[in-house]
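One-letter residues, chain by chain:
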Amino acid sequence: MRRSLAAPALALCLAALTPACSGDGGDDRPAAYEIPAERPRDGEQVLRGRTGRSSDLEFTVLGYRDGMREILGTHAGMRPKGRYVRVRLLVANRGRDIQVFDTWKQLLLTADGRTHVPDVNATMVKRQPERLSVGAAMRAEFDLWYDLPGETAVRALRLVGSPTVGAVSDPRPAEIELP
């Protein structure tokens, strides 16, 4: 009786394993997540191929808008001293530990060689993060707001991640060219 059951059981096991050993590369999983597209906001320029990395944080500039003379938030409206520049940013943690994104360390560079820190008031009015813990394999998308004097052209964004475990200084920044 044992021999009569052993042969069909072996045949069933071999049949179940055959597709897994076929070697035809028939992996039907998509190569990437399909994230729903988001329409650009009024006056926003969509940017492509603008990615840089500092430590374990990878930055991708998604959108850009310059020359805003007023912003409105949920509880306030505000005018800039010069003009507002908004940069839509995607931040991804490519490491295995938490990284801290610090808005106030992210600098906008202008053609006159000056650097500009994000504008506190615009950041608060538009309810964007000041500091954000970006977990391992996590992504976040938000805006950086700058109040620039005059009509000086924007040149680049200098972005910095947080030090990895055991590091004693800030990592090298990523510099991403802007229009």
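Keep in mind that what you see is a predicted model, and the values were worked out from it rather than measured.

Draft legend 1. Geometry of the packing of aromatic side chains. A full pass over the atoms with the stated rule returns three aromatic pairs. Ring centres of Tyr84 and Trp145 lie 6.0 Å apart, and the angle between their planes is 90°; on these two criteria the pair is classed as edge-to-face. Residue Tyr84 is located in strand S6 (residues 83-93), and its partner Trp145 is located in strand S11 (residues 139-148); the two are separated by 61 residues in the primary sequence. On the accessibility criterion, Tyr84 (1% relative accessible area) is buried. With a relative accessible area of 1%, Trp145 lands in the buried category. Ring-pair connections join several aromatic residues into one group, and the members of that group are Phe59, Phe101 and Phe142.

Draft legend 2. Spotlight on the sheet that holds strand S8 (residues 107-110). Here we have four strands laid out as an open sheet, ordered S9-S8-S12-S13, and antiparallel in their pairing. The open sheet has two edge strands with one neighbour each: strand S9 (115-116) and strand S13 (174-177). The pairing of strand S12 (residues 154-159) with S13 spans four bridges and is antiparallel. Paired with Arg158 across the strands is Glu175, a residue of S13.

Draft legend 3. Structural context of the nonpolar core. Within the largest apolar cluster, 23 residues are counted, with the highest numbers of intra-cluster contacts made by Phe59, Leu89, Phe101, Leu157 and Leu178. When residues of this core are traced back to their parent elements, those giving at least two are strand S3 (57-68), S6, S11, S12 and S13. With five residues, S11 is the single largest residue contributor to this core. Among the nonpolar cores identified, the runner-up in size contains six residues, and Ile71, Tyr84, Ala122 and Val125 belong to it.

Draft legend 4. Focus on the environment of Asp112. Relative to the elements of secondary structure, Asp112 occurs in the loop between S8 and S9. In this structure Asp112 comes out as partly exposed when scored by relative accessible area, which is 41%. Put simply, Asp112 and Val154 are 42 residues apart on the chain and 8.9 Å apart in space, counted from C-alpha to C-alpha. In terms of polar contacts, Asp112 uses its side chain to reach the side chain of Thr110, at 2.5 Å. Engagement of the side chain of Asp112 in a polar contact is seen with the backbone nitrogen of Arg114, the distance being 3.1 Å.

Rules behind the numbers
- Residues numbered from 1 in each chain as written.
- Predicted model: local features only at pLDDT ≥ 70, side-chain atom pairs only at ≥ 80, totals over all residues.
- Heavy atoms only, no water.
- Phe/Tyr/Trp six-rings, centres within 6.5 Å; stacked < 30°, edge-to-face > 60°.
- Helix = DSSP H or I, 4+ residues; strand = E, 2+ residues; numbered from the N terminus.
- Buried < 20%, exposed > 50% of the residue type's maximum accessible area, 1.4 Å probe, protein only.
- Pairing = 2+ DSSP bridges.
- Core = buried A, V, L, I, M, F, W, Y, C linked by side-chain atoms within 4.5 Å.
- Polar contact = N/O pair within 3.5 Å; in protein donor to acceptor, adjacent residues only side chain to side chain.

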